[in-house]
Amino acid sequence: MHLGTILRTWALVVGDITALYASLLLTLILRYGGNFYSQLVEFHIIPFTIIFSLWILTFYISNLYDIRHLRNTLEFIKNLNLTIAVSAALTVLFFYFVPTITPKTNLFIFLI
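Here the residue numbers are simple positions, counted from 1 along each chain's written sequence. Totals for whole chains, interfaces and linings use every residue, but because this is a predicted model, local features are given only for residues with pLDDT of at least 70 and side-chain atom pairs only at 80 or more, for both listing and counting. As a rule here, side-chain values cover all heavy atoms of the structure and leave hydrogens and water aside.

Undergrad: Would you mind showing me how to read helix 3 (residues 74-97) here?
TA: Helical geometry note: an α-helix holds 3.6 residues per turn, so side chains three or four residues apart project in the same direction. Between its terminal C-alpha atoms helix 3 stretches 35 Å, which fits the 34 Å expected from 24 residues at 1.5 Å a residue. Those residues of helix 3 lying buried are F76, T83, S87, A88, T91, F94 and F95. We count a stretch as a helix when DSSP gives it H or I for four or more residues in a row; a strand needs E for two or more, and each element gets its number in order from the N terminus. Under the convention used throughout, the expected extent of a helix is 1.5 Å for every residue step, that is, one less than its residue count. Only protein chains enter the accessibility calculation, which uses a 1.4 Å probe; a residue whose area is less than 20% of its type maximum is buried, one above 50% is exposed, and one in between is partly exposed.

Here is the structure:
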C-alpha cells in the first residue's frame, strides 16, 4: 500500500475517533452542564470507549476506510447510513446487556 494512502486512512480513523469523543463530550455538556467531567470519568468513558471501538471496527468492515471506495455516490451514502444504523443497534444492545449505566437520554442525544 502506498504511504499516502496509509496516511489518509489513518487520518480518517483519527478523525472518526476525535469526532466520536467530541460528540460524547458535547452530549455530556448538554446533559450535565458544569458537572460533565465527573460524569465522563465516573460513568461514561469506559463503556463509550468499548462502543467506539465497535463503531471503528464496523466502519472498517464496511470498507469506509478504504480510500478507493470513498466517493460521493448513492452507493457510498447507503453504505454509510447502513453502517451507522448497525453501529447504533450494537450500541443499544450493548447498553441493554450491560446495565451498569442506563444513559438512554445521553445515548439518544449522542446518536443525533
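Undergrad: Where do I start with the packing of aromatic side chains in this structure?
TA: Aromatic ring pairs are defined here through the distance separating the ring centres and the angle between the ring planes. What counts as a ring pair is set by centres within 6.5 Å for rings of Phe, Tyr and Trp (its six-membered ring), and what kind of pair is set by the plane angle: stacked under 30 degrees, edge-to-face over 60, tilted for all other angles. Across all of its chains, the model carries 4 aromatic pairs by this definition. Between Y21 and F52, the aromatic rings sit 4.8 Å apart at their centres with planes inclined by 85°, giving edge-to-face as the arrangement. Taken together, the positions of Y21 in helix 1 (residues 3-32) and F52 in helix 2 (residues 36-61) put the pair 31 residues apart, joining distant regions of the chain. Judged by its relative accessible area of 28%, Y21 falls in the partly exposed class. Judged by its relative accessible area of 4%, F52 is buried. Note on F48 and F52: the rings are 5.8 Å apart at their centroids and 55° apart in plane angle, and the pair reads as tilted. Taken as a pair, F48 and F52 lie in helix 2 at a separation of 4 residues, close to a single helical turn. Of the two residues examined, F48 and F52, each falls in the buried class.

Undergrad: Please explain the nonpolar core as it appears in this structure.
TA: Nonpolar side chains tend toward joint burial in soluble globular proteins. Of all hydrophobic cores here, the largest spans 15 residues; its most connected members are F48, I51 and F52. Secondary-structure elements contributing two or more residues to this core are helix 1, helix 2 and helix 3. The greatest single-element share of this core, amounting to 6 residues, is contributed by helix 2. Any two residues whose heavy atoms approach within 4.5 Å at even a single point are treated as in contact. Not counting the four nearest positions on each side in its chain, I51 is found in contact with T91, F94 and F95. Definition used in this section: a nonpolar core is a set of buried Ala, Val, Leu, Ile, Met, Phe, Trp, Tyr and Cys residues joined via side-chain atoms within 4.5 Å.

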